[in-house]
Amino acid sequence: MSSKQTEFLTQIEAHKGMILKVCQVYCWNPGDREDLFQEIIIQLWKAWPGFRGDSKFSTWLYRIALNTAISGLRKQKTKMVYMEPENLPAETRDESDAEEKEERLTKFYSAIRQLSELERAIIMLYLEDKSYEEMEDILGINQNSLRVKMNRAKEKLRKITKQS
Amino acid sequence: MELDQWKEIWKEEGESPSNDARKLKLLLEKKSKSPVAKMKRNLKIELWLIIISYGAMIMFYFIAFKGQLSEVSWFMLFIGLLFVAYYQRKNKLLSEMECLSCQVKSNLQKQTTTLEKYIRFYLIAGTALAPVSLLFFAWLFNVKRRTNTNYNILYPSPDNPLWKVALAWVVLTVIITILFYFMNKWYVRKLYGKHVEKLKEVLNEMEGD
């Protein structure tokens, strides 16, 4: 394995949770999720020689992951399905996990899936504690507009949660 | 549930066990399934199909019928050369189509604009093939069958003056070109229509307040 590849894989290993979350937010079918994960890794690897460290690694990774999720994959193999606990990714399943945790996760994903693709990205960055400056750097939307969209997305998420 | 509680759930989600590094390494060797990567692969297949099929037909018309229809070979060679230019243009557009490490909005703008250019070019090139081919065959039929005296609207004869023949070919060309245009339009829409609509929808949402 080349040193370039080792360095890349170390970074990916450290940030793999972020990629998995993008996959979970944008794909609900395990097959689609696997495809998206694979595609993001391939695109990151292709773009890796161009990463100069001008921006944070996480910013660079989010740009590629979101670009791949939003504009990269054309169609989902099936329509989004309600997230039953058994459909959750293996990483989130644990035999000893309480039923309550599973229920919360189910609610969480089924609420997020009702948002638009852009709203999902905005909420995801919010949950990751990204600043508006970083969000602007990732999405390319100015901060004022982002604030409006963020409030709208949060409100929508609240309403969805209340309804369920 | 409040958003802060969502954050808590979200963070718990991030605490995932380590994945097998070997599996990740294997992924690096896989082919991309992105629309642009698929379009590039399809374009290459198209190029090879044209080279093989046109190559065989060019050879055939040079050799068969004692070379009496070699004009067909020259015409196909001309179309084949045009296809190379067509291939290069499409390949260039595909290479410009995405910048995944760019900001999401600028990448979407780039992809939408380039994809629309690509579709327009596909439509124009696909449609133009019909009149070019028909006009060539009009010329070929009339040159090669000049001595034919049987009445046929597509060949000149004592009962069928040249202007009538020309008019028949023009009408035929117009009808077939229009058919080609709509067929190509339907096909292009089937291939890329939904994808363009989806990109535009996200872009509109990004640009709106």
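Everything numeric in this text was worked out from a predicted model, so none of it was measured.

Rules used in this analysis
Residues numbered from 1 in each chain as written. Chains lettered and ligands numbered in written order. Predicted model: local features only at pLDDT ≥ 70, side-chain atom pairs only at ≥ 80, totals over all residues. Helix = DSSP H or I, 4+ residues; strand = E, 2+ residues; numbered from the N terminus. Rg over C-alpha atoms; globule rule 2.2 N^0.38 Å. Buried ≥ 20, exposed ≤ 12 C-beta atoms within 10 Å, placed from the backbone. Domains from an automatic or database assignment. Contact = placed C-beta atoms within 7 Å. Nonpolar A, V, L, I, M, F, W, Y, C, P; charged D, E, K, R; others polar. pLDDT = per-residue confidence, 0-100. Core = buried A, V, L, I, M, F, W, Y, C linked by C-beta atoms within 7 Å. Expected span 1.5 Å × (residues − 1).

Caption draft 1: Representation of the overall build of chain B. The helix and strand tally for chain B stands at 6 helices and 0 strands. N-terminal to C-terminal, the α/β element order of chain B is α-α-α-α-α-α. Over its C-alpha atoms chain B spans a radius of gyration of 26 Å, topping by over 25% the 17 Å that the globule rule assigns to 209 residues. Here the C-alpha coordinates of chain B stretch approximately 90 × 45 × 25 Å along the principal axes. Taking all 209 residues of chain B together, the buried fraction comes to 11%.

Caption draft 2: View of the domain arrangement of chain B. Residue and element names in this part refer to chain B. Structurally, chain B comprises domain 1 (33-96) and domain 2 (101-209). On a C-alpha basis, the centres of domain 1 and domain 2 stand 17 Å from each other. Across the boundary between the two partners, domain 1 contributes 8 residues, which contact 8 residues of domain 2. Counting residues per element, the side of domain 1 that touches domain 2 draws most heavily on helix H4 (residues 70-96), at 7 residues. The class makeup of the residues in the side of domain 1 that touches domain 2 is 4 nonpolar, no polar and 4 charged.

Caption draft 3: Seen up close, the environment of Leu 44 of chain A. All names here are of chain A. Here Leu 44 is to be found in helix H2 (residues 30-47). Accessibility expressed as a C-beta count within 10 Å gives 24 for Leu 44, which makes it buried. Sequence separation between Leu 44 and Ile 12 is 32 residues, and the spatial gap between their C-alpha atoms is 8.9 Å.

Caption draft 4: Highlighting the interface of chain A and chain B. In this complex, chain A contributes 45 residues to the contact, which on the side of chain B involves 38 residues. Considering every element that reaches the side of chain A that touches chain B, the biggest residue donor is helix H3 (residues 57-72) of chain A, with 9 residues.

Caption draft 5: How the structure looks around unusual backbone geometry. All names here are of chain A. A positive phi angle, close to 60°, is found at Asp 129, a residue other than glycine. By the element assignment, Asp 129 lies in the loop between helix H5 (117-127) and helix H6 (132-139). Overall, the presence of 10 C-beta atoms within 10 Å leaves Asp 129 in the exposed class.

Caption draft 6: Local environment of the confidence of the model for chain B. Counting all residues, the mean pLDDT for chain B is 88, and 93% of those residues have values of 70 or more. Scoring the predicted complex yields pTM 0.84 and, for the interface, ipTM 0.83.

Caption draft 7: Region of interest: the nonpolar core. Residues and elements named next belong to chain A. Core analysis: the biggest nonpolar cluster contains 52 residues, and Val 22, Cys 23, Ile 40, Ala 65, Leu 66 and Ile 123 have the highest contact counts within it. Among the elements that make up this core, the one with the highest residue count is helix H1 (residues 3-26) (9 residues). With residues near it in sequence (within four places) discarded, Ile 123 still touches Ile 112, Leu 115, Ala 153 and Leu 157.

Caption draft 8: Quick look at the environment of Met 150 of chain A. Residue and element names in this part refer to chain A. Following the sequence through the fold, Met 150 ends up in helix H7 (residues 143-163). It is 9.9 Å that separates the C-alpha atoms of Met 150 and Tyr 132, two residues lying 18 residues apart in sequence. Met 150 has contacts with Ile 122 and Tyr 126, leaving out every residue within four places of it along the chain.

Caption draft 9: Structural context of helix H3 (residues 35-63) of chain B. Residue and element names in this part refer to chain B. Between its first and last C-alpha atoms H3 spans 42 Å; for 29 residues at 1.5 Å apiece the expected length is 42 Å, and the two agree. When we look at burial in H3, the residues that qualify are Pro 35, Val 36 and Tyr 61. On its buried face, H3 sits against H4 and helix H6 (162-207). Phi turns positive, to about 50°, at Phe 65, one or two residues after H3.

Caption draft 10: Expanded view of helix H5 (residues 104-144) of chain B. Given a rise of 1.5 Å per residue, 41 residues ought to cover 60 Å, and the 59 Å separating the end C-alpha atoms of H5 of chain B matches this to within 8%. The inward-facing, buried residues of H5 of chain B contact H3 and H6 of chain A together with H4 and H6 of chain B.

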